[in-house]
Amino acid sequence: MPLVDLDAIPQVALPFINHDHREEARLLNELADAVAGHKRGSVPVETVLHRFEALLEHTQEHFGREEEAMQKAGFPPYPVHKGEHVRVLEEMESEEIHFRETGDTARLEGYVTQAVPAWFVQHIQSMDAVTAQFVVMRGGG
């Protein structure tokens, strides 16, 4: 069973964000599978790092698309939402560096299977839902 059920991801008013969230969850599931396999000794560290990098790259692109939509729509709390994106990207990069330098699979497993999924759903239901609704009301999307 995947870590994040792709069909259970909360939906927002902008299709491109829903599409990005689905891809984000798919990449997170692949990373979680790689971490579990690495923990068992069947997946090399390079595969884990490759999947982490794919997730990080997609997250950067996804946040960029959201930020562009917020700016075009004149979304008043843009700095707050953008600040959360910056925080999350810094955290992801820090976790990747820590794993690369220490090989701490237990810490990475906790981050990937607990911290990220909890943040993901909460962020969609709060910041992304409000943002998408505002952008749609302003004729964007």
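Because the structure is a prediction, the values reported are computed rather than measured.

Colleague: In this structure, what is going on with the packing of helix α2 (residues 45–73) against helix α4 (residues 105–137)? I would like to understand it.
Modeller: If you want to describe how two helices pack, look at the angle between their axes and the distance between the axes. One can describe the packing of α2 onto α4 by two numbers: an axis separation of 12 Å at closest approach and a directional angle of 15 degrees. Taken as axis vectors, α2 and α4 run roughly parallel relative to one another. As for how α2 packs across α4, the hand of that crossing is left-handed. Of α4, the residues touching α2 (which contributes Val48, Phe52, Phe63, Glu66, Ala69, Met70 and Ala73) are Leu108, Tyr111, Trp119, His123, Asp128, Thr131, Phe134 and Val135.

Colleague: Sorry if this is basic, but what is going on with empty space enclosed by the protein here?
Modeller: To locate leftover empty space, one rolls a probe as large as a water molecule over the atoms. Under the criterion given, the structure shown has two cavities of 30 Å³ or more. Forming the walls of the largest cavity are Glu24, Leu55, Thr59, Val88, Glu91, Met92, Tyr111, Val116, Trp119 and Phe120. Of all the secondary structure elements, the ones that give two or more residues to the lining of the largest cavity are α2, α3 (78–102) and α4. The element that contributes the greatest number of residues to the lining of the largest cavity is α4, accounting for four residues. Partitioning the lining of the largest cavity into residue classes produces seven nonpolar, one polar and two charged. Computed from the structure, the second largest cavity encloses a volume of approximately 40 Å³.

Colleague: I'm lost on the packing of helix α1 (residues 15–40) against α4 in this one. Help?
Modeller: Running from N to C, α1 and α4 cross one another at 170 degrees; their axes reach a closest spacing of 9 Å. One element, α1, and the other, α4, form an angle in the roughly antiparallel class. Between α1, through Ile17, His21, Glu24, Ala25, Leu28, Leu31, Ala32, Val35, His38 and Lys39, and α4, the contact on the second element is made entirely by Thr105, Leu108, Glu109, Val112, Thr113, Val116, Pro117, Phe120, Ile124, Asp128 and Ala132. Looking at the contact of α1 with α4 residue by residue, the class counts come to 13 nonpolar, four polar and four charged.

Colleague: So what exactly am I meant to see when it comes to the environment of Asp20 here?
Modeller: If you trace the backbone, Asp20 turns up in helix α1. Counting along the chain gives 45 residues from Asp20 to Arg65, while the straight-line C-alpha distance between them is 9.3 Å. A distance of 2.8 Å separates polar atoms of two side chains, one belonging to Asp20 and the other to Arg65.

Colleague: Is there a simple way to think about the packing of aromatic side chains in this case?
Modeller: In this description, an aromatic ring pair is defined by two values, namely the gap between the centres and the angle between the planes. Scanning the model with the defined rule gives two aromatic pairs in all. A ring pair is formed by Phe63 and Trp119, whose centres lie 6.3 Å apart and whose planes are at 70 degrees; its orientation type is edge-to-face. Remark: Trp119 occurs in helix α4 and Phe63 occurs in helix α2; sequence separation between them is 56 residues. Among the residues examined, Phe63 registers a relative accessible area of 3% and is labelled buried.

Colleague: Whenever I open this one, the nonpolar core confuses me. Can you help?
Modeller: Considering soluble globular proteins, one finds that nonpolar side chains tend to be buried as a cluster. In this structure, Leu31, Val48, Met92, Leu108, Val112 and Phe120 are the most contacted members of the largest nonpolar core, which totals 38 residues. Those elements that provide at least two residues to this core are α1, α2, α3 and α4. With ten residues, the top contributor of residues to this core is α4. Setting aside anything within four residues of it in sequence, one finds Leu31 in contact with Val48, Arg51, Phe52, Leu55 and Val112.

Cut-offs and rules
Residues numbered from 1 in each chain as written. Predicted model: local features only at pLDDT ≥ 70, side-chain atom pairs only at ≥ 80, totals over all residues. Heavy atoms only, no water. Axes fitted to C-alpha atoms, helices over the stretch in contact; angles between N-to-C directions. Helix = DSSP H or I, 4+ residues; strand = E, 2+ residues; numbered from the N terminus. Parallel < 35°, antiparallel > 145°, perpendicular 65-115°, else oblique. Left-handed = near helix turned anticlockwise from the far one by under 90°. Contact = heavy atoms within 4.5 Å. 1 Å grid on protein atoms, 1.4 Å probe; cavity = no way out; pocket = protein on both sides within 12 Å on 5 of 7 lines; lining within 4 Å. Points joined across faces, edges and corners; volume = space filled by probe spheres on them. Nonpolar A, V, L, I, M, F, W, Y, C, P; charged D, E, K, R; others polar. Polar contact = N/O pair within 3.5 Å; in protein donor to acceptor, adjacent residues only side chain to side chain. Phe/Tyr/Trp six-rings, centres within 6.5 Å; stacked < 30°, edge-to-face > 60°. Buried < 20%, exposed > 50% of the residue type's maximum accessible area, 1.4 Å probe, protein only. Core = buried A, V, L, I, M, F, W, Y, C linked by side-chain atoms within 4.5 Å.

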